[in-house]
Amino acid sequence: MINDNHLLLAMRIKAWGKELGFSDVRITDIDLSAQEAGLSAWLAAGYHGEMDYMATHGLKRARPAELVPNARRAIMVRMDYLPNSSPANWRALELEAGQQPQQAVISMYARGRDYHKVIKARLKELAERIAAEIGPFGFRVFTDSAPVMEVALAEKAGLGWRGKHTLLLNQQAGSTFFIGEIITDLALPVDAGSVGHCGSCSACISCCPTQAILAPYELDARRCISYLTIELKGSIPVELRSLIGNRVYGCDDCQLYCPWNKFAQSSAQPDFDVRNGLDNASMLALFNWEETEFLDKAAGSPIRRIGYVRWLRNLAVGLGNARRYLSRANLPTSEIDHALQKRLTHPSELVQEHVQWALEQ
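Report follows, based on the coordinates. These numbers were taken from a predicted model, which means no experiment stands behind them.

Broken down by element type, the protein carries 15 helices and 11 strands. Against the compact-globule benchmark of 21 Å for 361 residues, the protein has a radius of gyration of 22 Å, which places it among compact chains. Burial status across the protein gives 53% buried among its 361 residues. Counted over contacts in the protein with a minimum sequence separation of 6, partners at least 24 positions apart contribute 77%. Carbon and sulfur atoms provide 49% of the accessible area of the protein, an area that totals close to 15900 Å². Each charge class in the protein was averaged separately, 39 positive and 40 negative side chains, and the resulting centres sit 1 Å apart.

Listed below in structure tokens is the structure:
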């Protein structure tokens, strides 16, 4: 039974969340039974690729109550990540970078501090404030770190709606934000869910370099550049390498073409400011990093999770694509060739394979 105390607590939770830097805080129930059929079909089609943890947990992803004993609610949060220094025409500049064959394109979210650390720390602070107010309670905090359908919960909570590219969209903030949650046993009042506002727009589908969005709301992760450059541990399929272009960690194309991102909000969090010039770095400069330099400069960054070998793998593909572009334009490739040849004797066969492919472009 929801009473005035619960309503007051919910209001305070939202206020505390804003004080901690969250752009919005909403509350929802955790019933995702309506999502189970779609999740089962997606897994059965193999669209999750090598992300075995998704199949391992199966329908548990649609059953948050299995994560926290007596769970009733999810306190959902979003935090904008567009760097505060981003100019008004940031989308145009990002698209232009994708057309510069020797520039390394790294997803905007990954250019600063690892969001897992930032958001989890703030969620724990929020939970501590709640406990200070009401005493101990049951909860766990997550952000892209548990077998739970976060976008579905965020949509139920009213943080936004699932776009046709499967990302969450918000009328006031586009899609350049992270989401996280506190799953709790508290009986809190819930907020109204969101409705979709994509209409007949299909910009995200038509712009995808690898055509990973098979249909509205249907993503084959095995073709997604973010999957190929981050989640995939082995060789990038040869037929997809040329389509990756100069995207060496993730891909933002479906966000850059989405008209809702004209409303994207700059972040007030210095954690998401660009580090090590990763918004304007050449692939050659990054490819020439030795492992110690990679580990040092990627410290505290989401990039570090792929490790040095996959970092070189991705850059080799990007350099191969740049080499092909320069060759067709009758421009010199000697600098790229020299860097690639130095890596031909790398102890990793994965690196050797992709370097050899690059030299053949």
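Ranked by size, the top nonpolar core spans 110 residues in total, and within it Ile 13, Ile 106, Leu 286, Phe 287 and Trp 311 carry the most contacts. Ranked by residues supplied to this core, first place goes to helix H13 (residues 307-328) with nine residues. Non-local contacts of Ile 13, meaning those with residues more than four positions away in its chain, are made with Val 25, Ile 75, Leu 126, Ile 130 and Leu 188. One finds Leu 169, Cys 198, Cys 258 and Trp 260 within the second-largest nonpolar core, a separate group that totals five residues.

What follows is about the environment of Ile 27. Mapped onto the fold, Ile 27 is located in strand S1 (residues 24-29). When the C-alpha atoms of Ile 27 and Glu 218 are compared, they prove to be 27 Å apart, with 191 residues separating the residues in sequence. Apart from the residues within four sequence positions on either side, Ile 27 is in contact with Ala 10, Lys 14, Arg 73, Ala 74, Ile 75, Ala 157, Leu 188, Pro 189, Val 190 and Asp 191.

Going through the model one piece at a time under the given rule, you end up with 12 aromatic pairs. Considering the side-chain rings of Tyr 115 and Phe 178, the 4.3 Å spacing of their centres and the 10° angle between planes classify their relative orientation as stacked. Of this pair, Tyr 115 sits in helix H5 (residues 115-134) while Phe 178 is found in strand S7 (residues 177-184), placing the two residues 63 residues apart along the sequence. With centroids separated by 5.5 Å and ring planes inclined at 40°, the aromatic side chains of Phe 294 and Trp 311 adopt a geometry described as tilted. Of this pair, Phe 294 sits in helix H12 (residues 291-297) while Trp 311 sits in helix H13, and the two are 17 residues apart along the sequence. A residue is classified by how much of its surface remains accessible, and Phe 294, at 0% relative accessible area, is buried.

Time to look at the sheet that holds strand S4 (residues 139-142). Note on sheets: strands pair through backbone hydrogen bonds, and any given pair is parallel or antiparallel. As summarised here, the arrangement of the four strands in space is S1-S2-S7-S4, forming an open sheet in which the pairing is antiparallel. Edge positions in the sheet fall to S1 and S4, since each has one partner strand and no second. Taken over all neighbouring pairs, the strand axes of this sheet differ in orientation by 20° on average, direction set aside. Across six bridges, S1 lies against strand S2 (residues 73-80) in antiparallel orientation. Within the sheet, the bridge partner assigned to Asp 29 lies in S2 and is Arg 73. Packing against the sheet, helix H1 (residues 4-19) makes contact with S1 and S2, and its axis sits at approximately 140° to S1. Contacts from helix H6 (residues 150-157) reach S1, S2, S4 and S7 within the one sheet, and its direction differs from that of S1 by about 100°.

With that settled, the discussion passes to the sheet that holds strand S3 (residues 103-106). Taken together, three strands build an open sheet; the order of strands is S10-S3-S11 and the sheet is mixed. Both edges of this open sheet fall to strand S10 (247-249) and strand S11 (281-282), since each of them pairs with a single strand only. Here two bridges tie S3 to S11, and the two strands are oriented antiparallel to one another. Paired with Gln 103 across the two strands is Ser 282, which belongs to S11.

A few words now on the side chain of Ser 107. Looking at the secondary structure, you find Ser 107 in the loop between S3 and H5. The exposure class of Ser 107 is buried, given its relative accessible area of 1%. Polar side-chain contacts of Ser 107 include one of 2.9 Å to the backbone nitrogen of Cys 251. If near-sequence neighbours (up to four positions away) are discounted, Ser 107 is found in contact with Tyr 249, Gly 250, Cys 251 and Asp 252.

On to the pattern of salt bridges, then. Counted according to the given criterion, the structure contains 17 salt bridges. Across the pair Arg 63 and Glu 36 runs a salt bridge, and its minimum N-O distance is 2.9 Å. Of this pair, Arg 63 sits in the loop between helix H3 (52-57) and S2 while Glu 36 sits in helix H2 (residues 36-44), and the two are 27 residues apart along the sequence. For Arg 78, the salt bridge is made with Asp 80, and the minimal N-O distance between the two is 2.8 Å. As far as the burial class goes, Arg 78 and Asp 80 line up, both buried. Sharing partners across several salt bridges, the network here consists of Arg 113, Arg 122 and Asp 271.

Cut-offs applied
Residues numbered from 1 in each chain as written. Predicted model: local features only at pLDDT ≥ 70, side-chain atom pairs only at ≥ 80, totals over all residues. Heavy atoms only, no water. Helix = DSSP H or I, 4+ residues; strand = E, 2+ residues; numbered from the N terminus. Rg over C-alpha atoms; globule rule 2.2 N^0.38 Å. Buried < 20%, exposed > 50% of the residue type's maximum accessible area, 1.4 Å probe, protein only. Contact = heavy atoms within 4.5 Å. Areas by Shrake-Rupley, 256 points an atom, 1.4 Å probe, with all protein chains shown as cover. Lys, Arg positive; Asp, Glu negative; His and termini not counted. Charge placed at Lys NZ, Arg CZ, Asp CG, Glu CD. Core = buried A, V, L, I, M, F, W, Y, C linked by side-chain atoms within 4.5 Å. Phe/Tyr/Trp six-rings, centres within 6.5 Å; stacked < 30°, edge-to-face > 60°. Pairing = 2+ DSSP bridges. Axes fitted to C-alpha atoms, helices over the stretch in contact; angles between N-to-C directions. Polar contact = N/O pair within 3.5 Å; in protein donor to acceptor, adjacent residues only side chain to side chain. Salt bridge = Lys/Arg side-chain N within 4 Å of Asp/Glu carboxyl O.

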